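# Close look at the chain arrangement
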Number of protein chains: 2
Amino acid sequence: MDCIFGVDVGGTNIKIGKFVKGELVDYSSINTNKENDGKQIMPDILKEINRMLNGDTLIGIGMGVPGPVVNGVLLKAPNLGWETFDVVERVRSEYGNIYIKVTNDANLATLGEHKLGGGIGFKDFVFLTLGTGIGGGIILNNELHEGINGSAGEIGHIRVDFRNLRKCNCGLFDCVERYASASGVVITAREKIPGRKTSLSLDNLSSKIIFDEAKKGDEVALEVVDEMIEKLATALSQIANTLNPEAFVIGGGVSKTGAFLLDKLSKRFQELAFFPVRNTQFRLATLGNDAGIYGGYYIIKKELEKESIV
Amino acid sequence: MDCIFGVDVGGTNIKIGKFVKGELVDYSSINTNKENDGKQIMPDILKEINRMLNGDTLIGIGMGVPGPVVNGVLLKAPNLGWETFDVVERVRSEYGNIYIKVTNDANLATLGEHKLGGGIGFKDFVFLTLGTGIGGGIILNNELHEGINGSAGEIGHIRVDFRNLRKCNCGLFDCVERYASASGVVITAREKIPGRKTSLSLDNLSSKIIFDEAKKGDEVALEVVDEMIEKLATALSQIANTLNPEAFVIGGGVSKTGAFLLDKLSKRFQELAFFPVRNTQFRLATLGNDAGIYGGYYIIKKELEKESIV
C-alpha cells in the first residue's frame with residue numbers, strides 16, 4: 001500500500017505517524033537523543049520509519065522541527081543541538097525522489113488543526129500553543145504563512161510589559177510567554193503567594209493546580225489567572241489588529257482548562273481589540289500532541305493534490 | 001483612448017488621477033463635502049471623473065475609502081459621515097460593467113507603494129503611514145491582505161502601554177498612534193516641556209518642529225523622539241514577530257524626517273524583535289499623498305492582467 005509519514009521532532013521525543021488512505025495506521029514515539037549535538041536524531045527517525053514501513057510503499061514524509069525553516073533548510077534548533085541543516089536533502093539521500101516537506105513544528109501543528117482540528121472551516125486563523133513556552137502558526141487564505149525567514153507566528157515573544165520585569169530565554173524582556181505560558185503563570189503565582197491567604201503552595205505549583213484552584217474561587221489563583229489573561233489578551237488584540245483573522249485556535253497544556261480560560265480570554269480580548277476586529281472567534285485545538293503528525297500527513301497530501309495524484 | 005481612474009477619498013479632500021497606458025495624464029483634488037452625512041461626496045466624485053474623461057473610454061476605477069471594506073461594501077467611514085454603503089454598486093449604477101475595485105484607503109496606498117514606491121521588489125511587507133493617526137496595510141505573497149472584515153493593518157491601535165495614560169479616539173487606551181503619530185509626539189512634548197530648558201515652545205508645536213529641534217540636539221526634543229521610537233519599535237517588533245515580513249515601508253508626514261527617524265527606529269527595532277526577525281528591512285515610502293491614486297490604478301491593472309487584457 002502507498003503510505004505517508006508525519007513526523008514531529010521535539011526536544012524530548014519524536015512522534016511518528018504512518019498514514020494509509022488518510023487513516024493513521026501506525027504510531028510511534030521515540031526518545032530524542034540529543035548527545036553529540038543531536039547527530040543520532042535523524043538516523044533514529046529513518047530507522048523507525050523503515051521499521052514502520054513494513055513492506056508498504058513510501059510516497060512522502062512531512063516533518064516538523066523545533067526551529068525556523070526556509071525552503072526545507074532548518075536555520076537552527078537549540079533544543080536538538082542542531083545548527084543549520086538541510087533536512088530535506090538528508091531525507092532525500094535516504095529515500096530518493098519522494099515528496100518531502102519540512103517546516104517549523106508549530107506550523108505543522110497549525111496545519112493539522114486546520115485540516116482535522118479546531119481550525120476546520122477557517123480560511124484565516126492564528127493557532128497558538130500554551131505550553132512551557134508559547135508557539136504559534138498562521139493560516140491565511142488556507143495556506144501556511146511561514147514568513148521570509150520561516151519565523152512567522154513567533155507570538156510567544158510579543159512584548160507585553162515595559163518594565164523589564166521578566167527575562168525571557170530569548171534574551172528579551174517581558175515576552176508574553178513569560179506571563180501566559182505554563183511556566184509564566186507559575187512565576188506569577190510565586191510572586192503573589194507570599195503573605196497571602198490561599199490554597200496555593202510554593203512547594204507544589206503547576207499551571208494545572210493554579211487553574212484548578214482558580215475555578216474553586218481561590219482569590220490569589222484568580223489574580224494569577226487574571227494577570228495571564230491580561231497579557232495574553234493584549235498580545236492577541238495586537239495580532240488581530242494586524243491580521244484581522246477569523247479565529248484564534250488555542251492548544252497546548254494550558255488550554256486543557258477549556259471554557260474557563262476561553263471565556264475569560266475572549267471577554268478581555270473584546271475589550272482590548274480595535275472595534276472592527278472584536279468579533280474574532282476563539283476555539284480550542286482538538287488534536288493535542290498529535291496535531292504535528294496529522295499536519296505532516298496533510299502537508300504531503302497537499303503536494304499530491306497540486307499534481308492531482310490524490 | 002482607454003483610461004483608468006485612481007480615486008483616494010479622504011476626510012478633507014478627494015484625489016483623482018486619470019491614467020492612460022500606465023501614465024498619470026490628469027490629476028484633480030476636490031474638497032470633501034461632509035454635509036448631510038456626506039451625501040454629496042459620490043455625486044461630486046462621479047461628476048469630476050466625467051469632466052476628466054474628456055472623451056476617453058473608461059475601463060475601470062480603483063477607489064480607496066477611509067474605513068473597512070468587505071467585498072466592495074464599506075462598513076463605516078466616520079470621517080465622511082458614511083454608514084454601510086455598497087460603493088461598488090453605486091459606481092456601477094453610473095458606469096455599468098467596467099472594472100471597479102474599492103478598498104480601504106491605507107490598503108490602496110500600500111498597493112501604490114508596492115508597485116511604484118518604497119515597496120518595490122518586496123513580496124511581503126507592511127506599510128505604515130505616520131500622519132495625524134497611524135494607518136497601515138499589508139502585502140503578503142504580492143497580494144493585499146485585507147482581513148476577514150477588511151480591517152487588517154490597523155496597526156495604529158496596537159497597545160503599547162499598560163497604564164491607561166492616553167485615551168485614543170477609538171475608545172481604547174495607549175494605542176501606538178497616541179504616542180508615535182504627529183499628534184502623539186506633540187502630546188509627549190506638551191508633557192515634557194514645562195519647567196525644562198528647551199528650544200521647544202508650548203505655543204508653537206508640531207511634529208516637524210520637534211524633529212527639527214531634535215536633529216539640532218535639543219535635549220527635550222530628543223527625549224520626545226526617543227519615546228516615540230520606543231513605542232513604535234515595540235509595535236513593529238510585535239508585527240514582525242507575528243508576520244516575519246521582508247520590510248517595513250514608512251510613509252506619512254512624520255516620515256519626511258527621513259533617515260534620522262529610520263536609523264533610530266531600525267536600531268531600537270533590532271533590540272526589541274525576536275532574533276530570527278531582526279533583519280527586517282526599513283524603507284521610506286516615496287509616493288507621498290499620491291500613493292492612493294497609483295494604488296487605484298494598479299488594483300484595476302491587476303484585474304485586467306487576470307483576464308490577460310493588458
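Our structure's up above, just so we're on the same page.
Here we summarise the structure given alongside this text. Only a predicted model underlies this, so the values are computations on that prediction, with no experimental measurement involved.

Rules used throughout
Residues numbered from 1 in each chain as written. Chains lettered and ligands numbered in written order. Predicted model: local features only at pLDDT ≥ 70, side-chain atom pairs only at ≥ 80, totals over all residues. Heavy atoms only, no water. Salt bridge = Lys/Arg side-chain N within 4 Å of Asp/Glu carboxyl O. Helix = DSSP H or I, 4+ residues; strand = E, 2+ residues; numbered from the N terminus. Buried < 20%, exposed > 50% of the residue type's maximum accessible area, 1.4 Å probe, protein only. Core = buried A, V, L, I, M, F, W, Y, C linked by side-chain atoms within 4.5 Å. Contact = heavy atoms within 4.5 Å. Phe/Tyr/Trp six-rings, centres within 6.5 Å; stacked < 30°, edge-to-face > 60°.

Evaluated as defined, the whole model comprises 44 salt bridges over all chains. Put simply, K231 of chain A and D161 of chain A hold a salt bridge, and the shortest N to O gap is 2.9 Å. With K231 of chain A in helix α8 (residues 219-243) and D161 of chain A in the loop between β11 (143-144) and α5 (177-180), the pair connects residues that are 70 residues apart, well separated along the chain. Residue K231 of chain A is classed as buried on the basis of its relative accessible area of 6%. Owing to a relative accessible area of 3%, D161 of chain A belongs among the buried residues under this scheme. Where D56 of chain B meets K18 of chain B, a salt bridge forms, and the shortest distance between an N and an O atom there is 2.7 Å. In this pair, D56 of chain B sits in the loop between α2 (41-53) and β4 (57-65) while K18 of chain B sits in strand β2 (residues 13-20), placing the two residues 38 residues apart along the sequence. Accessibility expressed as a relative area gives 22% for D56 of chain B, which makes it partly exposed. One salt-bridge network, in which partners are shared between bridges, spans R159 of chain A together with E230, K267, R268 and E271 of chain B.

Core analysis: the largest hydrophobic core is formed by 92 residues, its most contacted members being M228 of chain A together with M228 of chain B. With residues up to four places along the chain from it excluded, the contact list for M228 of chain B reads L130, Y179, A180, V185, F211, V254 and L261 of chain B.

One pair of aromatic rings is described through two measures. These are the centre distance and the angle between the planes. Residue and element names in this part refer to chain A. Counted by the stated rule, this structure contains 21 aromatic pairs over all chains. Relative to Y294, the ring of F19 has its centre 5.4 Å away and its plane inclined at 65 degrees; by these criteria the two rings are edge-to-face. Here F19 is found in strand β2 (residues 13-20), whereas its partner Y294 is found in helix α10 (residues 291-306), with 275 residues between them in sequence. Summarising the burial analysis for this pair, F19 and Y294 share the class buried. Between W82 and F85, the ring centres sit 4.9 Å apart and the planes meet at 90 degrees, which makes this aromatic pair edge-to-face.

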